[in-house]
Amino acid sequence: MKYHFFKASFFMYLFFFFYNSFCQDSFTTGTVTIVVSGAAINSGTYQISRNMRVLDAIKAANNNIIPNLSVINCRAITISTPDTTQIIDLLNFLNTGNLMHNPFLSDGMHIHLTYAVQWINISGELDGVLVGKVPFVKGETFGKFLSLYTFRESADTNHIFIQRIGYKAVKYSFSQLKNTPIKNHDNLTVFTKSDQLIVRFVQLSGEVLHPGRYTIIPQKTLALSVIQLGGITPFG
């Protein structure tokens, strides 16, 4: 009796072992059918490995490169499945590594991109994948926005300049600024601890990726400012 019980248990163990292995292999080696649509990409239906993530699908729909993050609304990408719909913040993932904003693909998923319609211009002592013209979320505060970036060691967080259209630049500390909502076309510059606080502005136009009016940091050349704000277009 014990022998038969042991034999049955052994074969049951083998069954579940191979079943679990099959499920894991199916997850990692199969493909899914997804739809990518909307702004600045090649809309269509794609067959992609199921161990890829949303960003991989977006790149596949754009000749395997990330679309211009200032053109698309990278802060609000709609992800729909047969059961759920969610909004992800691609800039959050790219700057912080938060995988909640770059989930795995699933069969039947629809990824939809829209064009950005509101931006903040940022420059100075901040590190992140996107500087210059950056989309923001309606109602977003400076504190929440800056939490996606890293202040460099040289940054003086007591000397952050904000300029709004029609107003002179105003100096803030981060603590003063963090609960203030962003407005469209705000300019934010973080100065270094050694900078003289002389605010200068430059108007960039023509064949540059991010035209507009920017605050520039003393002792930095115009050419360096253009590079930090995204550089020139292929026709420049």
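Just so you know, these numbers come straight off a predicted model, no measurement behind them.

Caption draft 1: The sheet that holds strand β1 (residues 31-38), seen in detail. Across the sheet, five strands lie side by side as β2-β1-β5-β3-β4; this open sheet has mixed pairing. The sheet is open, and its two borders are formed by β2 (44-49) and β4 (85-88), each paired with just one other strand. Averaged over all pairs of adjacent strands, the angle between their axes in this sheet comes to 25°, without regard to strand direction. One ladder, built from four bridges, connects β1 with strand β5 (residues 110-113); its direction is parallel.

Caption draft 2: Examining the side chain of Asp156 more closely. Checked against the element boundaries, Asp156 lands in strand β10 (residues 155-163). For the buried residue Asp156, which engages in no salt bridge, the nearest side chain bearing the opposite charge is Lys193, 7.2 Å off. Looking at Asp156, its side chain comes within polar contact range of the main-chain nitrogen of Asn158, at 3.0 Å. Of the polar contacts made by the side chain of Asp156, one reaches the side chain of His159; its length is 2.6 Å. Leave out the neighbours within four places in its chain, and Asp156 touches Val190, Phe191, Thr192 and Lys193.

Caption draft 3: View of the pairing of strand β12 (residues 186-192). In terms of burial, β12 is largely enclosed, as seven of its seven residues are buried. Sheet topology note: the strand β6 (residues 119-124)/β12 ladder contains five bridges and is parallel. Across the sheet, the residue bridging to Ser123 is Thr189, located in β12. Of the strand pairs in this sheet, β10 and β12 are connected by five bridges, and their pairing is antiparallel. Pairing of Phe161 across the sheet is with Thr189, part of β12.

Caption draft 4: Region of interest: the packing of aromatic side chains. Evaluation of the coordinates by the stated rule reveals three aromatic pairs. Judged by centre distance (5.8 Å) and plane angle (75°), the ring pair of Phe151 and Phe174 falls under edge-to-face. With Phe151 in strand β9 (residues 150-151) and Phe174 in helix α5 (residues 174-177), this residue pair connects regions lying 23 residues apart in the sequence. Given a relative accessible area of 26%, Phe174 falls into the partly exposed group. Across from the ring centre of Trp119, 4.1 Å away, lies the NZ or CZ of Lys133, which sits over that ring.

Caption draft 5: Representation of the nonpolar core. In this structure, Ile34, Ile111 and Leu188 are the most contacted members of the largest nonpolar core, which totals 42 residues. Sorting elements by how many residues they give to this core places helix α2 (residues 54-60) first, with four residues.

Caption draft 6: Looking closely at the sheet that holds strand β11 (residues 170-172). Here we have five strands laid out as an open sheet, ordered β8-β6-β12-β10-β11, and mixed in their pairing. Here the strands that pair on one side only, and so sit at the sheet edges, are β8 (132-135) and β11. Strand after strand, the sheet turns through a mean of 30° between neighbouring axes, direction not considered. Sheet topology places β10 next to β11; three bridges connect them, and they run antiparallel. The partner of Phe161 across the bridge, within β11, is Lys171.

Caption draft 7: Main features of the pairing of strand β3 (residues 77-80). Of the two faces of β3, the one holding Ile77 and Ile79 is buried and the one holding Thr78 and Ser80 is not buried anywhere. Sheet analysis places β3 next to β4, joined by four bridges and oriented antiparallel. Residue pairing for β4: Ser80 is matched across the bridge by Thr85. Between β3 and β4, which follow one another and run antiparallel, lie four residues.

Rules behind the numbers
Residues numbered from 1 in each chain as written. Predicted model: local features only at pLDDT ≥ 70, side-chain atom pairs only at ≥ 80, totals over all residues. Heavy atoms only, no water. Pairing = 2+ DSSP bridges. Helix = DSSP H or I, 4+ residues; strand = E, 2+ residues; numbered from the N terminus. Axes fitted to C-alpha atoms, helices over the stretch in contact; angles between N-to-C directions. Buried < 20%, exposed > 50% of the residue type's maximum accessible area, 1.4 Å probe, protein only. Lys, Arg positive; Asp, Glu negative; His and termini not counted. Salt bridge = Lys/Arg side-chain N within 4 Å of Asp/Glu carboxyl O. Polar contact = N/O pair within 3.5 Å; in protein donor to acceptor, adjacent residues only side chain to side chain. Contact = heavy atoms within 4.5 Å. Phe/Tyr/Trp six-rings, centres within 6.5 Å; stacked < 30°, edge-to-face > 60°. Lys NZ or Arg CZ within 6 Å of the ring centre and 35° of its normal. Core = buried A, V, L, I, M, F, W, Y, C linked by side-chain atoms within 4.5 Å.

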